[in-house]
Amino acid sequence: RHSLHYQTTTFVGIPLYKGASLGISYLYQEYRKKTKISLLNMNFNQSISQSMSMNISGITNMGGKRNQSIFLTLTYALNETTSFNAIGTAQKDGNQGTAQLTRNLPVGPGYGYNLYAANGQQENYQASFTAQDDIGTYTAAGSHQSGITTGQIQAKGAVAFLNGNAHLTRLLGQSFAVVEVPGYSDIRIYSQNQYVGRTADDGTLLVPNLLPYQKNPLRVELEDLPLDAQVNVAEVNPIPYYLSGLVAKFPIKSS
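Worth saying up front: this structure is predicted, and the values here are computed from it rather than measured. Here the residue numbering is sequential within each chain, running from 1 through the sequence in written order. Per-residue local features are limited, in this predicted model, to residues with pLDDT of at least 70; the limit for side-chain atom pairs, both in listing and counting, is 80 or more; totals at the level of whole chains, interfaces and linings are taken over all residues. With hydrogens and water set aside, each side-chain value is computed from the structure's full complement of heavy atoms.

## Observations concerning the overall build of the protein
Part 1 of the argument: Counting its regular elements, the protein contains zero helices and 22 strands.
Part 2 of the argument: As a reference, a globule follows 2.2 Å times the number of residues to the power 0.38, and the radius of gyration itself is taken over C-alpha atoms. The C-alpha atoms of the protein give 26 Å as radius of gyration, which overshoots the globular expectation for 255 residues (18 Å, by more than 25%).
Part 3 of the argument: C-alpha extents for the protein along the principal axes are approximately 80 × 45 × 45 Å.
Part 4 of the argument: Between buried and exposed lies partly exposed: a residue is buried under 20% and exposed over 50% of the maximum accessible area for its type, with that area taken using a 1.4 Å probe on protein chains only. Buried residues in the protein amount to 28% of all 255 residues.
Part 5 of the argument: Contacts: residue pairs with any heavy atoms within 4.5 Å of one another. For the protein, long-range pairs separated by at least 24 residues make up 37% of all intrachain contacts whose partners lie at least 6 apart in sequence.
Part 6 of the argument: Just so you have it, the protein exposes about 15,900 Å², and 54% of that area is on carbon and sulfur atoms.
Part 7 of the argument: Charge convention: Lys and Arg are scored as positive, Asp and Glu as negative, and His as well as the terminal groups of each chain are ignored. In plain terms, the charge of a residue is placed at NZ if it is Lys, CZ if Arg, CG if Asp and CD if Glu. In the protein, 18 positive and 15 negative side-chain charges are present, and the distance between their average locations comes to 21 Å. Numbering of helices and strands runs from the N terminus, with a helix taken as a DSSP run of H or I at least four residues long and a strand as a DSSP run of E at least two residues long. Here, Shrake-Rupley sampling with a 1.4 Å probe gives the accessible areas, and only protein chains in the shown set may cover a residue.

Put into structure tokens, the structure is as follows:
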């Protein structure tokens, strides 16, 4: 292996007019076998609107055989969870274009997807759709690359036992809690201000992916409670052990 003998990096960032910036960087690496790498990179960013931005970058090899590449990237946020980006690449070996549409999977019940297409030096098409509810996460995906088409279906879930009761749930993560709102079903529960699910008929909901040894804010949606509900505490902060669960009970009752 060629071990690195010397390296230097230089970067300059220049703010231009409103919403635009220019960055220039230089990298030089020298290896003990006398191999040298010398790269110059220029990067221009422009905010077109609050939801759209453009990036143009170029990189060239300053030492030995010259080789240049230019990249154009457009990013558009359709909303808080969905985004679209397109990338065009021009280089000596050929041009390449890619496009990707992504919707992020929420923390709680919901769905997400990813559509990807690349055309140019190598065609590559990928699509995946993921949905999840209180008891599992389900994914269907397919791809077509180099004349080969593949597909897969996947389901993930877990079973948690706490206080003699079994709970079907999504993957538990590092720690979890069973929320109890006694006598109240179909109440929305939030973890870290993100919706994670609704209480079942028995007033319970398992909340996965909590942080161990830290406070995890869990709260109920007050609008879902009837008018005669007496709410002493609307938020609790359980602190679970690592790879363990606990009960987070809300002291809510009928007045």
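## Some details on the confidence of the model for the protein
Part 1 of the argument: Per residue, pLDDT captures the predictor's confidence, and it can take any value from 0 to 100. Averaged over every residue, the pLDDT of the protein is 90; residues scoring 70 or more account for 98%.
Part 2 of the argument: Ranking the helices and strands of the protein by mean pLDDT puts strand β9 (residues 124–132) first, with 96, and strand β22 (residues 252–254) last, with 86.

## Let's talk about the environment of A234
Part 1 of the argument: Along the chain, A234 falls in the loop between β19 (229–231) and β20 (235–236).
Part 2 of the argument: Classification of A234 as partly exposed rests on a relative accessible area of 26%.
Part 3 of the argument: Considering only alpha carbons, one finds A234 and P251, 17 residues apart in sequence, at a separation of 8.4 Å.
Part 4 of the argument: The residues contacting A234, other than those within four sequence positions of it, are L218, R219, V220, L222 and F250.

## Structural notes on the layout of surface pockets
Part 1 of the argument: Every definition here rests on a 1 Å grid over the protein atoms only: cavities are sets of points where a 1.4 Å probe fits but cannot get out, pockets are open sets enclosed by protein on both sides within 12 Å along at least five of seven lines, and lining residues have some atom within 4 Å of a point. Grid points are joined across faces, edges and corners, and a volume is the space filled by probe spheres set on the points. Its boundaries defined by the atoms lining it, the largest pocket holds a volume of some 220 Å³.
Part 2 of the argument: Along its surface, the largest pocket is lined by 16 residues, and V107, R170, L171, P208 and N209 are the ones closest to its centre.
Part 3 of the argument: Residue assignment for the lining of the largest pocket shows that the elements contributing at least two residues are β16 (194–198) and β17 (204–210).
Part 4 of the argument: The nonpolar class holds Ala, Val, Leu, Ile, Met, Phe, Trp, Tyr, Cys and Pro. Asp, Glu, Lys and Arg form the charged class, and all remaining residues, Gly among them, are polar. For the lining of the largest pocket, the per-class residue count stands at seven nonpolar, seven polar and two charged.
Part 5 of the argument: Lining of the second largest pocket is provided by D134, I135, A166, H167, L168, T169, R198, A200, D202, T204, L205 and L206.
Part 6 of the argument: Those elements that place two or more of their residues in the lining of the second largest pocket are β13 (165–169) and β17.
Part 7 of the argument: Residue composition of the lining of the second largest pocket, by class: six nonpolar, three polar and three charged.

## So, the side chain of T102
Part 1 of the argument: Position of T102 relative to the elements: it lies in strand β7 (residues 94–103).
Part 2 of the argument: Polar contacts, as used here, are pairs of N or O atoms within 3.5 Å; protein pairs need one atom able to donate a hydrogen and one able to accept it. Residues neighboring in sequence count only if both atoms are side-chain atoms. A distance of 2.9 Å separates the side chain of T102 from the side chain of N114, its partner in a polar contact.
Part 3 of the argument: In this structure, T102 is in contact with T81, T82, S83, Y113 and N114, ignoring residues within four places of it in sequence.

## Comments concerning the sheet that holds strand β11 (residues 148–156)
Sheet strands associate in pairs through backbone hydrogen bonding, adopting either a parallel or an antiparallel arrangement.
Part 1 of the argument: Strands sit in the order β1-β2-β3-β4-β5-β6-β7-β8-β9-β10-β11 across an open sheet of eleven strands; the sheet is antiparallel. Looking along the sheet, the strands with just one partner apiece sit at the ends: β1 (4–15) and β11. Recorded for the sheet is a direction-independent mean angle of 10° between the axes of neighbouring strands.
Part 2 of the argument: Here strand β10 (residues 137–145) runs beside β11; their pairing, made up of nine bridges, is antiparallel. Paired with T137 across the bridge in β11 is K156. Here the rule is simple: two strands pair whenever DSSP picks up at least two bridges between them. Axis geometry follows a simple rule: fit a line to the C-alpha atoms, using only the stretch in contact for helices, then measure angles between N-to-C directions, giving values from 0 to 180 degrees.

## Looking at the packing of aromatic side chains
Part 1 of the argument: Side-chain rings of Phe, Tyr and Trp (the six-membered ring for Trp) are treated as a pair once their centres are within 6.5 Å; stacked means planes under 30 degrees apart, edge-to-face means over 60, and tilted covers the remaining angles. Under the counting rule described, the total for this entry stands at four aromatic pairs.
Part 2 of the argument: Taking 5.8 Å as the distance between ring centres and 25° as the angle between the ring planes, the aromatic pair formed by Y111 and F129 counts as stacked. Placement of the pair is Y111 in strand β8 (residues 110–120) and F129 in strand β9, with a sequence separation of 18 residues.
Part 3 of the argument: On the basis of relative accessibility, which here comes to 36%, the residue Y111 falls in the partly exposed class.
Part 4 of the argument: Ring geometry for Y213 versus Y241: centroids 6.2 Å apart, planes at 75°, classification edge-to-face.

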